[in-house]
Amino acid sequence: MSKRNRHDRGSSSSADERSSSSPKCPPPPAKTSRMATGGSEATVTMNALPSELQSLAKLILGQTKQQQEAVGDRLSDQIKILDGKVDSLSTELTAVRERVGSLEAAADWNNTEIERLQRELQQEKRERIKSDLLAERYSRKPDIIVRGLPYRREENCVLLFNDFVSGELGLDPVGLVAVHRLSQPTKTRPNPPLLARLINLHDRDRVLREGRRLRGTGLAVHEHLPPPLQAARAKLVPDRDAATTKARENSTVCKVSIWVPHKSTYAVLMVNGKEQKRVDAIDLVLAANVKPT
């Protein structure tokens, strides 16, 4: 018993010596509520800091708060400025959209007006061309064109025409103002057409009427038309010949003719009294296929 007590006293004395000789550690910080509940991270409060650090921390926190407030004020001012600019831009954009809308409406109106003016101009051009063609046709009304008459040197065109009227058409000689060939003979055109201007329009109509029965003889009589109407009539010739050939092959009776109505600017292909095709000389003039008179 005495040995154990001595041993215990020795042990306690040695422990006291070790504890007195080792440096003292500061006391642990107070536990927060999170540490008390078993959290893994400790939150150091202001009170846990030493007094000299507390004043420094307060200074830092105060400056930080002031900087945050200053930054917040500047950001607020900048946001207000941006809001004002956005509102201004929105107003300007609305005005621009309204302006664009008005310009588009004006452009649409201008396009419509331009189209209307173009139609009116086109119609005015057609009316002008029609007026010129009809005036030219009226000035040529007493004239007759005879095609197929053989050309002879030193020929008398008046006697040649009257011989044609009496011999081929069975009519009495007619009064003439002038008779002449439309051009000099060439290798490709050895018998130029003969132009005759009659005094009496009734004689002119009788010659044209009797000249219809000359088809197939190599001779032809027709009205002296302006060049655009001649071109319109010429465009129907292939269709007339094709219709005639088809009727001949089928051994059918088919009356085919090209008719230029009085006071008109177009030629018509007639088959058995019905219109099959029409060519307007005004369209040819506008398409620049032929030159207006």
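Located above this text is the structure these notes cover.
Computed from a predicted structure; not experimentally measured.

Here we come to the overall build of the chain. What the chain contains, in helices and strands, is seven helices and seven strands. Along the chain, helices and strands appear, N-terminal first, in the series α-α-α-β-α-β-β-α-β-α-β-β-β-α. Considering only contacts within the chain whose residues lie at least 6 apart along the sequence, 58% involve residues at least 24 apart.

Spatially, three strands are ordered 5-6-7 in an open sheet, and the strand pairing comes out antiparallel. Every other strand in the sheet has two partners, leaving strand 5 (256–259) and strand 7 (274–280) as the edge strands with one partner each. Across the sheet, the mean angle separating the axes of adjacent strands is 20° when strand polarity is ignored. Where strand 5 and strand 6 (residues 266–271) come together, four bridges link them in antiparallel fashion.

The next thing to look at is the side chain of aspartate 280. With respect to the helices and strands, the residue aspartate 280 is situated in strand 7. Apart from residues no more than four positions distant in its own chain, aspartate 280 is found in contact with Arg126, Thr265 and Tyr266.

What follows concerns the nonpolar core. Burial of nonpolar side chains together is a common tendency in soluble globular proteins. By size, the foremost hydrophobic cluster in this structure holds 21 residues, and its most contacted members are Val146, Phe161, Phe164, Leu194, Leu198 and Val221. Elements with a minimum of two residues in this core: strand 1 (143–147), helix 4 (157–168), strand 2 (176–181), strand 3 (194–198) and helix 5 (201–210). Element by element, the count of residues in this core is highest for helix 4, at five residues. Excluding its chain neighbours within four sequence positions, the residues that come into contact with phenylalanine 164 are Val146, Leu149, Leu169, Leu214, Leu219 and Val221.

As a further point, take the pairing of strand 5. Because side chains alternate across strand 5, one face comprises the buried residues Val256 and Ile258, and the other comprises Ser257 and Trp259, none of which is buried. In sequence, strand 5 turns back onto strand 6 through a hairpin of six residues, with lysine 263 there showing a positive phi of about 55°.

Below, the discussion takes up the packing of aromatic side chains. Scanning all chains against the criterion turns up one aromatic pair. Above the plane of the ring of tyrosine 266 lies arginine 278, whose end atom (NZ or CZ) is 4.1 Å from the centre.

On to the sheet that holds strand 2. Here we have four strands laid out as an open sheet, ordered 2-3-1-4, and antiparallel in their pairing. Each edge of the open sheet is held by one strand with a lone partner, namely strand 2 and strand 4 (220–223). Along the sheet, successive strands turn relative to each other by an average axial angle of 20°, direction set aside. Bridge count between strand 1 and strand 3: four bridges; the pairing is antiparallel. Bridging across to strand 3, isoleucine 145 finds its partner in leucine 195. Most of the contacts of helix 4 go to strand 2, to which it runs at about 100°, and overall it touches strand 1, strand 2, strand 3 and strand 4.

A separate point is the pairing of strand 3. Summarising burial for strand 3: four of the five residues are buried, a large majority. The sheet contact formed by strand 2 and strand 3 spans five bridges and is antiparallel. Within strand 3, the position partnered with histidine 180 by the bridge is leucine 195.

Moving on: the pattern of salt bridges. Per the counting criterion, the structure on display carries 16 salt bridges. A salt bridge links glutamate 113 to arginine 116; the nearest nitrogen and oxygen atoms lie 2.2 Å apart. One end of the pair is glutamate 113 and the other is arginine 116, both in helix 3 (residues 51–139) and three residues apart, which spans about a single turn. In this structure, the salt-bridge partner of glutamate 223 is arginine 204, at a minimum N-O distance of 3.6 Å. Of the two residues, glutamate 223 sits in strand 4 while arginine 204 sits in helix 5, which places them 19 residues apart along the sequence. For glutamate 223, a relative accessible area of 15% corresponds to the buried category.

Criteria and thresholds
Every chain is numbered on its own, with residues counted from 1 as its sequence reads. Where local features are concerned, this predicted model is filtered to residues with pLDDT of at least 70; where side-chain atom pairs are given and counted, the filter is 80 or more; whole-chain, interface and lining totals use all residues. In computing side-chain values, all of the structure's heavy atoms are included and hydrogens and water are not. We count a stretch as a helix when DSSP gives it H or I for four or more residues in a row; a strand needs E for two or more, and each element gets its number in order from the N terminus. Note on definitions: a residue-residue contact is assigned when non-hydrogen atoms from the two residues lie within 4.5 Å. Two strands form a pair only when DSSP identifies at least two bridges running between them. Lines fitted to C-alpha atoms define the axes here, with helix axes fitted over just the stretch in contact, and angles between the N-to-C directions of these axes take values from 0 to 180 degrees. Within this scheme, the nonpolar core is defined by two criteria: the residues are buried Ala, Val, Leu, Ile, Met, Phe, Trp, Tyr or Cys, and they are joined through side-chain atoms within 4.5 Å. Remark: exposure states derive from per-residue accessible area (1.4 Å probe, protein chains only) relative to the maximum for the residue type, with buried under 20%, exposed over 50%, and partly exposed in between. Stacked, tilted and edge-to-face pairs are distinguished by plane angle, under 30 degrees for stacked and over 60 for edge-to-face with tilted covering the rest, among Phe, Tyr and Trp rings (Trp via its six-membered ring) whose centres lie within 6.5 Å. Either the NZ atom of lysine or the CZ atom of arginine qualifies as a charge over a ring when it sits within 6 Å of the ring centre and within 35 degrees of the ring normal. Salt bridge criterion: a side-chain nitrogen from Lys or Arg within 4 Å of a carboxyl oxygen from Asp or Glu.

Distances and angles like these do not, on their own, reveal function.
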